[in-house]
Amino acid sequence: MHPKTLAFAGTTALFLALDQFSKWLTRANLAPYRDEYVLIPNFFSFAHAKNKGAAFSALDDFEYRYHVFFTLTAVAVVVLFQGYRQLRDDDRVQGAAMGFILSGALGNFVDRLLFREVTDMFKVQWGWEPGRSALIHGFEPFKGWFGWDGFGTSVWPIFNIADSCIFIGLGLFALGFLFEKDTPAEATGPAKAAPESAPSLE
C-alpha cells in the first residue's frame, strides 16, 4: 500500500469513527441546550447543541439547505478523490490532509442524512462576562448574514470533531503546498552522447 493511501484511508476512517462516537456519547448523555460538563472553568466544556445549518448557523432557515449540503458534499468527495489520485505515492502529508477534510465532510453529512441536523459538543469561551463587543454592538447585518447572534461575545460557536478535521485538513494542505519541494525528474531514457567538438581551424 502506498504511503499516501495509508495516510488518506487511515485518517479518514479513524477520525470519522471518532466523530460519530463523540456525537453518540453527546446525544446519549447530555440534554440539548441544558446540560454542560465543564472541563476547564471559563475556557472549555462539553455541551450539546444542534445545528440545522452550516458553520455559524448559515442557511439555518433556508428551505432547500439540505439539497445544498448534499450537493456540496458530493462535489467535495469527487474533488478530494481526484486530488488524491494526483498525489505522489510518497506524499503522506497531503494524503493525511485530504483524509482529514473527507472525514469532516462525511461526519457532518451522516448527521444531516440521519437526523437532519448536526450534533455539536465542544464549547470554548473566554473568562470575561459574555456580551457584545463595542466595535460591533448593534451591527445586525452579522446576524442577518449568518443567523448567529454570537459575534462580539466571549463564547465561540459550539463545534465538533468533524469541524475540527476540516480546519486541520485545510491547514495541512496549505502547509504542504507551501513547503513542498520539487523532486528532480528522473531520466526517462538513455543519456545522450556529448556532442563532438567543432573541428579546429588550425
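The shown structure was predicted, so the numbers you read here are calculated from the model rather than taken from an experiment.

### Looking at the overall build of the protein chain
Argument step 1. Helix and strand counts for the protein chain come out as five helices and three strands.
Argument step 2. Scanning the protein chain from its N terminus toward the C terminus, one meets helices and strands in the order α-β-β-α-α-β-α-α.
Argument step 3. A buried classification covers 33% of the 202 residues belonging to the protein chain.
Argument step 4. Within the protein chain, contacts between residues separated by at least 24 positions form 72% of all contacts whose residues are at least 6 apart in sequence.
Argument step 5. As presented, the protein chain carries roughly 13,500 Å² of accessible surface, and 66% of it is formed by carbon and sulfur atoms.

### Looking at the sheet that holds strand β2 (residues 44-51)
The strands making up a sheet associate through backbone hydrogen bonding, with each pair oriented either parallel or antiparallel.
Argument step 1. Strand order across the open sheet formed by three strands is β1-β2-β3, with antiparallel pairing between neighbours. With one partner strand each, in any of the chains shown, β1 (36-40) and β3 (118-124) form the two edges of the open sheet. Taking each pair of neighbouring strands and ignoring which way they run, the sheet shows an average axis angle of 35 degrees.
Argument step 2. Along the sheet, helix α1 (residues 3-29) makes contact with β2 and β3, crossing β3 at roughly 85 degrees.

About the cut-offs
- Per-chain numbering applies: the sequence of each chain, read as written, is numbered from 1 onward.
- Restriction of local features to residues with pLDDT of at least 70 applies here, the model being predicted, together with a cutoff of 80 or more for giving and counting side-chain atom pairs; totals for whole chains, interfaces and linings are based on all residues.
- Water and hydrogen atoms were dropped before computing side-chain values, which therefore reflect all heavy atoms in the structure.
- Secondary structure elements are taken from DSSP: a helix is a run of H or I of four residues or more, a strand is a run of E of two residues or more, and numbering for both begins at the N terminus.
- Exposure categories follow from relative accessible area, calculated using a 1.4 Å probe and restricted to protein chains: below 20% of the type maximum is buried, above 50% is exposed, and the middle band is partly exposed.
- Only heavy atoms matter for contacts: two residues are in contact if any of them lie within 4.5 Å across the pair.
- Residue-level accessible areas treat just the shown protein chains as cover; the underlying method is Shrake-Rupley with a 1.4 Å probe.
- When DSSP finds two or more bridges between two strands, those strands count as paired.
- Axis definition: a line fitted to C-alpha atoms, over the contacting stretch in the case of helices. Angles run 0 to 180 degrees between N-to-C directions.

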